[in-house]
Amino acid sequence: MSYDIKRSVSLYSYQDEYYNKQLDLEGCLRETAKTGATGVELLAEQMIRRFPLPIEDEAFREQWFGWLKKYNLEPSCYDAFLENHIYDNRMLSIGEQVNMMKRDIRLASMLGFKNLRTLVSTPMDVIEGSLEYAEKMDVKIGLEVHAPFSLNSGWADGYMEMIHRTGTKYFGFIPDMGIFCKNIPDVLRDKARRMGASEECIKIVDDAYAQRIEKGFVKIKYDLDLGKANMEYRMANGMKEMMEAVEKAGGGPADMMYAGSSFTYSWSDPQDIIDNIDYIFHTHAKFYNVHEDYTETAVAIPEVVEAFKKAGYKGYLSSEYEGGEHLRADMEVDSIEQVRRHQEAMRRAIEG
Amino acid sequence: MAGRQIYNPDGFKNIEADGKVTGFEFQFKAQYYRGITLSIVRDIKVNVDGVDYPREAVRLTVNGETFTLEEMRTVIDSDYRWEFGDYATVSVLTEGGLSKGSHHINTLQIIDPSYMPFQIEAVCETDFVIE
């Protein structure tokens, strides 16, 4: 099947340079263009000060589209945060949340985005209540499928049912490639070592991860109580037994941190992409550490890209660098170099 | 191999009003990856040299406006977000402020993004000097 796989960068990737004031919004766009990517994904709340007011302002939008032209970038995806617990004493009502979603759809559209990322905490009724407006504005709502969630799961079935019932073309999934981790990232393991983790405990955790992959991960269920769903998922995948083994081996806080964190990574069969391709229009190409030889520590880039090709995917793979969180307490993070390497690794897989 | 800077090294000072020292202040950045409304900052727990300061004594200033932690619960105005990468100023009202010399601060930032099953509790520690 013919495919058209394009490369994008999520500006989430450059958060350390932005935090340090080494890059501003335009600087991030400039760096994105330098990698050879043709798309840009934006977290408006991250890099547009006084959100959302500037987006309403024509002068700001002129500047935004001017930058896109200057750096030859196409808006790929707008990452929204449905802040439905904005007040500590209550959740927003469904009606209030629908209005917030509509606001975000409108903001995305004003900046030229055709895709909007929403998070797993978005109630089904809010998505359904926004579909008509999404269609009117021609912005598709994509639910991020981020570990521990996965496609082809009881959790995803709930959304699939809604897609079939409404017949909507304006809702689908945005897989996060962190669901295709063959290993625990080396940057996490190295952080655990710096904190004093023992090699014995590290091995217990690494072996348990390898076993989960071999047996296949038990998938997460659909539950509005995300904390409960997550805990059930962890237990079903052998967390208790692993924690006990680490404890028995004399594991301290660093070992426990490593063991607990191992459950934030997961492995799905790349076949899941092929099975669900009709509902995938954007992808977060999550990564943790791309080495000098363009191999990524955890995410199986070549296998996943191969699945996208086979499926005939037409859309962006958008680099999302997340390894910095394991480095920044101890050393400087070089997201610019990491994104450059990741784009090259994806280019090779796509063109190879 | 220096890690991320959380506190403004030049931000630690005593607060003076009418010739009296009424407290101390410092500046730090939110340990999260986007700008936020102050309403989702659920707490800022300040401890200096082992001493906890009461919630009522803490104020936060962004863009020239100062709020108590209680007031922050309803602050959602675009002009008064805690922007990503920007310092906010924390003032702690305590008669006499801090003594001259070296101190150690341990602040807990509690931020509650709606989509997360757990709040972010960031421990922010450093040594500083009051001159």
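### Overview of the overall build of chain A
- Counting its regular elements, chain A contains 15 helices and 8 strands.
- Against the globule reference of 20 Å for 352 residues, chain A gives a C-alpha radius of gyration of 20 Å, in line with a compact fold.
- Counting all 352 residues of chain A, 47% fall into the buried class.
- Sequence separation of at least 24 residues holds for 83% of the intrachain contacts in chain A that already meet a minimum separation of 6.

### What about the overall build of chain B?
- Looking only at helices and strands, chain B has 1 helix and 11 strands in total.
- Going from N to C terminus, chain B has its helices and strands arranged as β-β-β-β-β-β-β-α-β-β-β-β.
- Taking 2.2 N^0.38 as the reference for a compact globule, 131 residues should give roughly 14 Å; the C-alpha atoms of chain B span a radius of gyration of 15 Å, in line with that estimate.
- Here the C-alpha coordinates of chain B stretch approximately 45 × 40 × 25 Å along the principal axes.
- Evaluated residue by residue, chain B yields a buried proportion of 29% over its 131 residues.
- Summarising the internal contacts of chain B: among those between residues at least 6 apart in sequence, 69% fall at separations of at least 24.

### Topic: the interface of chain A and chain B
- At the interface, 31 residues of chain A touch 26 residues of chain B.
- When residues of the side of chain A that touches chain B are traced back to their parent elements, those giving at least two are α1 (15-19), α3 (44-47) and α10 (226-236) of chain A.
- Classifying every residue of the side of chain A that touches chain B gives 15 nonpolar, 7 polar and 9 charged.

### Here we look at the domain arrangement of chain A
Residue and element names in this part refer to chain A.
- The domains assigned to chain A are domain 1 (4-181 + 266-351) and domain 2 (186-264).
- With centres defined by C-alpha atoms, the gap from domain 1 to domain 2 works out at 27 Å.
- Along the lines of polarity and charge, the residues of the side of domain 1 that touches domain 2 split into 8 nonpolar, 10 polar and 1 charged.

### Notes on the pairing of strand β6 (residues 171-175) of chain A
All names here are of chain A.
- Burial runs high along β6: 5 of the 5 residues are buried.
- Sheet analysis places strand β5 (residues 140-145) next to β6, joined by 5 bridges and oriented parallel. Residue Val145 lies in a different strand from β6, and its bridge partner there is Pro175.

### Considerations on the sheet that holds strand β11 (residues 120-130) of chain B
Residues and elements named next belong to chain B.
- Ordered in space as β5-β4-β10-β11, the 4 strands form an open sheet in which the pairing is antiparallel. Either end of the sheet is taken by a strand with one partner, and the two such strands are β5 (51-52) and β11.
- Pairing of strand β4 (residues 41-48) with strand β10 (residues 101-111), which is carried by 7 bridges, proceeds in the antiparallel orientation. Counted as the bridge partner of Val46 is Thr107 from β10.

### Some details on the sheet that holds strand β8 (residues 314-321) of chain A
Residues and elements named next belong to chain A.
- Reading across from one edge, β6-β5-β4-β3-β2-β1-β8-β7 is the order of the 8 strands in this open sheet, with parallel pairing throughout. The open sheet has two edge strands with one neighbour each: β6 and β7 (283-287). Going from strand to strand, the sheet's axes swing by 35° on average, the running direction of each strand aside.
- Both strand β1 (residues 4-10) and strand β2 (residues 39-42) contribute to a ladder of 3 bridges, which runs parallel. Opposite Ser10, over in β2, you have Glu41 as the bridge partner.
- In the packing of helix α15 (residues 335-351) onto the sheet, the strands contacted are β1, β7 and β8, and the crossing angle to β8 comes to about 150°.

### A look at the nonpolar core
- In terms of nonpolar packing, the biggest core is built from 95 residues, with Leu11, Tyr78, Leu116, Val205, Tyr258 and Val304 of chain A touching the most fellow members.
- No other element matches the 6 residues that helix α9 (residues 199-215) of chain A contributes to this core.

### Details of helix α2 (residues 25-34) of chain A
Residues and elements named next belong to chain A.
- Listed in full, the buried residues belonging to α2 are Cys28, Leu29, Glu31 and Thr32. In an axial view of α2, the angular spread of the buried residues amounts to 165°, which keeps them on one side of the axis.
- Buried residues belonging to α2 abut β1, α1, β2, α3, α4 (58-70) and α15.

### Let's talk about α4 of chain A
- For α4 of chain A, with 13 residues, the first-to-last C-alpha span of 18 Å sits near the 18 Å given by 1.5 Å per residue.
- Remark: Asn72 of chain A follows α4 of chain A within two positions and exhibits a positive phi of approximately 55°.

### Quick notes on unusual backbone geometry
- In this structure, Pro52 of chain A follows Phe51 of chain A across a cis peptide bond, with omega equal to 0°.
- In this structure, Pro52 of chain A sits in the loop between α3 and α4.
- Geometrically, the link from Ala147 of chain A to Pro148 of chain A is a cis peptide bond, its omega value of 10° lying close to zero.
- Here Pro148 of chain A lies in the loop between β5 and α7 (154-166).
- Its identity as a non-glycine residue notwithstanding, Asp49 of chain B has a phi of 50°, on the positive side.
- Positionally, Asp49 of chain B belongs in the loop between β4 and β5.
- For Asp49 of chain B, a count of 11 C-beta atoms within 10 Å puts it in the exposed group.

Thresholds applied
- Residues numbered from 1 in each chain as written.
- Chains lettered and ligands numbered in written order.
- Predicted model: local features only at pLDDT ≥ 70, side-chain atom pairs only at ≥ 80, totals over all residues.
- Helix = DSSP H or I, 4+ residues; strand = E, 2+ residues; numbered from the N terminus.
- Rg over C-alpha atoms; globule rule 2.2 N^0.38 Å.
- Buried ≥ 20, exposed ≤ 12 C-beta atoms within 10 Å, placed from the backbone.
- Contact = placed C-beta atoms within 7 Å.
- Nonpolar A, V, L, I, M, F, W, Y, C, P; charged D, E, K, R; others polar.
- Domains from an automatic or database assignment.
- Pairing = 2+ DSSP bridges.
- Axes fitted to C-alpha atoms, helices over the stretch in contact; angles between N-to-C directions.
- Core = buried A, V, L, I, M, F, W, Y, C linked by C-beta atoms within 7 Å.
- Arc of directions from axis to C-beta.
- Expected span 1.5 Å × (residues − 1).

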